[in-house]
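The lines below spell out each chain.
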Amino acid sequence: MRRLRACLGAAAAVGLAAAGTTALVAGSASGATSALGNRWYAAAPYLMPLDNDPPDPAAIMDATGLKAFQLAFVLAPNGGGCSPTWGGTAAVSSDTAVQSVVNTIRAKGGDVSVSIGGYGGTKLGQVCSDAAATAAAYQQVITKYGLHAIDFDLEEPEYENTAAIKNEIGAAKILQQNNPGLYVSVTTAGTADGTGWFGKQMLLEAKSQGFTPNNFSIMPFDGGFNGAASQTSALTNFNQILQSTFGWDQATAYAHEGFSGMNGRSDTGEFFTQTDFQTVLDYATSHNMDRFTFWSLNRDRQCTPADNGGRTSGTCSSVAQNSWDFAKYSVKFAGVTPPSSTPTPTPTPTPPSTGCKPAWSSTAVYTVGNEVSYNHHNWKAKWWTQNETPVASDWGVWQDEGAC
């Protein structure tokens, strides 16, 4: 789950035929960027342009050869309503900040996709009245930025809401029909079996509506995964789910399957190193999968030594790396050789073992600076607390000091 959070594109006048309006094919405005090949949109890593210490996309492009970025996330307004915003707070209609990021990328020959949904916040499918209204909201995003690609990131709690998923899948189908050539990906949670019950229900909804995106991608992390072998096993299982759901043969299912990973330490303390990414990349390319991406470029840099391996961050990976190491695997998936750079340091996903502090007690009172051990990690209290279980969180009372 996603827990840590000048060339103007074609101003497309695209109506919604399904909503009873006139549909027009997107036209090319002066200075608009032509679409990249689909392989680039399939390889675009996620980038939060307004949060989590956004990196400079131009610097990433220069260092890695990357051309495509998956901008995240479009949500419903925090105050309610069926209109698109960035992160629930910044209206797309009046946006200039994200547009500036898009302009920077396109000025260097790249392009963007936009991801809608993600983990947390209110999704448009939850609040818009029906699929047509949901699609109309997303069409504003496509038109504003002249998009050639869009990603439906369907996660908790939205994918547990049958009506919301019906709206999202219906909207995706409408957008696909009214924007010829639009690259559409649908991303959802991964499990050891491929995807869980709600993910399977989402696939059945797509089948019932006769909707087939470019790919259905799973996120094999935050679910008890342990390196690349567990991820490729999940991808194999997901392929079988796609076969049985849509009646596809194995090759067709792989051609509609995608991988969306998490670089470095996941939210639940799993570790995925550069070696793991290479293994999954080899699996994806050898099986002719349609998509290989990851969360996120904001995290594609090394943490400070004190934090390395000890916590999950929205702004660094918690594994030993050079900046933008993981982006280079996306470049390889797109079929390009990244520029040469300093060799990657040997990954060290966990800090050296240290002695454990006294065990945490639910009845004891702790004040700022008190240290305890819990679940094979040492923890330091940030303020007064009692009966609050130590857990990794930037906003919680306990600071994770690493394994012991």
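Below, the structure is looked at part by part. (Residues numbered from 1 in each chain as written. Predicted model: local features only at pLDDT ≥ 70, side-chain atom pairs only at ≥ 80, totals over all residues. Heavy atoms only, no water.)

Section: the packing of helix H2 (residues 57-64) against helix H3 (residues 97-107)
Packing of H2 against H3 leaves a shortest axis separation of 9 Å and a crossing angle of 25 degrees. Relative to H3, the element H2 lies roughly parallel. Classified by chirality, the crossing of H3 by H2 is right-handed. Taken together, the residues of H3 that come into contact with H2 (itself represented by Pro 57, Ala 58 and Met 61) are Val 101, Thr 104 and Ile 105. (Axes fitted to C-alpha atoms, helices over the stretch in contact; angles between N-to-C directions. Helix = DSSP H or I, 4+ residues; strand = E, 2+ residues; numbered from the N terminus. Parallel < 35°, antiparallel > 145°, perpendicular 65-115°, else oblique. Left-handed = near helix turned anticlockwise from the far one by under 90°. Contact = heavy atoms within 4.5 Å.)

So, the pattern of salt bridges
By the definition in use, this model includes seven salt bridges. Across the salt bridge formed by Arg 265 and Asp 400, the nearest N and O atoms sit 3.7 Å from each other. Here Asp 400 lies in strand E17 (residues 398-403) and Arg 265 lies in strand E10 (residues 264-265), a separation of 135 residues in the sequence. Two residues, Glu 371 and Lys 357, come together in a salt bridge whose shortest N-O distance is 3.7 Å. Of the two residues, Glu 371 sits in strand E14 (residues 371-374) while Lys 357 sits in the loop between helix H11 (327-333) and strand E13 (365-366), which places them 14 residues apart along the sequence. Residue Glu 371 is classed as partly exposed on the basis of its relative accessible area of 30%. (Salt bridge = Lys/Arg side-chain N within 4 Å of Asp/Glu carboxyl O. Buried < 20%, exposed > 50% of the residue type's maximum accessible area, 1.4 Å probe, protein only.)

Re the state of the cysteines
A full pass over the atoms with the stated rule returns two disulfides. Two residues share a disulfide in this structure: Cys 82 and Cys 128, whose sulfurs sit 2.0 Å from each other. Looking down the S-S bond of the Cys 82 and Cys 128 bridge, the torsion is 100 degrees, so its handedness is right-handed. Of the two residues, Cys 82 is situated in the loop between strand E2 (68-75) and strand E3 (85-86) and Cys 128 in the loop between helix H4 (124-127) and helix H5 (131-145); the sequence distance between them amounts to 46 residues. Residue Cys 303 pairs covalently with Cys 316 via a disulfide, S to S 2.1 Å. Residues Cys 303 and Cys 316 are joined by a disulfide whose S-S torsion is about 95 degrees; by sign, that bridge is right-handed. A residue pair is termed long-range when its members are at least 10 positions apart, and Cys 303 in the loop between strand E12 (291-295) and H11 and Cys 316 in the loop between E12 and H11 qualify at 13 residues. (Disulfide = S-S within 2.5 Å.)

Re the side chain of Ser 217
Considering the arrangement of structural elements, one finds Ser 217 in strand E8 (residues 215-219). A distance of 2.6 Å separates polar atoms of two side chains, one belonging to Ser 217 and the other to Asn 215. Among all residues touching Ser 217, those that are not within four sequence positions of it are Val 186, Thr 187, Thr 188, Gly 258, Phe 259 and Arg 291. (Polar contact = N/O pair within 3.5 Å; in protein donor to acceptor, adjacent residues only side chain to side chain.)

A word on the sheet that holds strand E15 (residues 377-381)
Strands sit in the order E14-E15-E17 across an open sheet of three strands; the sheet is antiparallel. The open sheet has two edge strands with one neighbour each: E14 and E17. In this sheet, adjacent strand axes meet at a mean angle of 30 degrees when their direction is disregarded. Of the strand pairs in this sheet, E15 and E17 are connected by five bridges, and their pairing is antiparallel. Its bridge partner being in E17, Lys 380 is matched across the sheet by Gln 399. (Pairing = 2+ DSSP bridges.)

Some words on the pairing of E14
Inspection of the sheet shows E14 paired to E15 by four bridges, in the antiparallel sense. For Tyr 374, the partnering residue across the bridge sits in E15 and is His 377. Between the antiparallel neighbours E14 and E15 lie two residues, among them Asn 375 with a positive phi of about 55 degrees.

Concerning helix H10 (residues 274-286)
Residues lying three or four places apart along an α-helix face the same way, a consequence of the helix completing one turn every 3.6 residues. Look at H10: 18 Å from first C-alpha to last across 13 residues, which is about the 18 Å you get at 1.5 Å a residue. All buried positions along H10 are accounted for by Gln 274, Asp 276, Phe 277, Val 280, Leu 281, Tyr 283 and Ala 284. Contacts made by the buried residues of H10 are with helix H8 (228-246), helix H9 (250-255), strand E9 (257-262), strand E11 (271-272), E12 and H11. Positioned one or two residues after H10, Asn 288 has a phi angle of 55 degrees, which is positive. (Expected span 1.5 Å × (residues − 1).)

Comments concerning the nonpolar core
Grouped together as the largest cluster of nonpolar side chains are 96 residues, with contacts concentrated most on Phe 69, Leu 71, Phe 152, Phe 216 and Phe 292. Ranked by the residues each element gives to this core, the list is headed by H5, at eight residues. With residues near it in sequence (within four places) discarded, Phe 152 still touches Ile 116, Tyr 138, Glu 168, Ala 171, Ala 172, Leu 175, Val 184, Ser 185, Val 186 and Thr 187. Membership of the second largest hydrophobic core comes to seven residues, among which are Tyr 366, Val 372, Val 397 and Trp 398. (Core = buried A, V, L, I, M, F, W, Y, C linked by side-chain atoms within 4.5 Å.)

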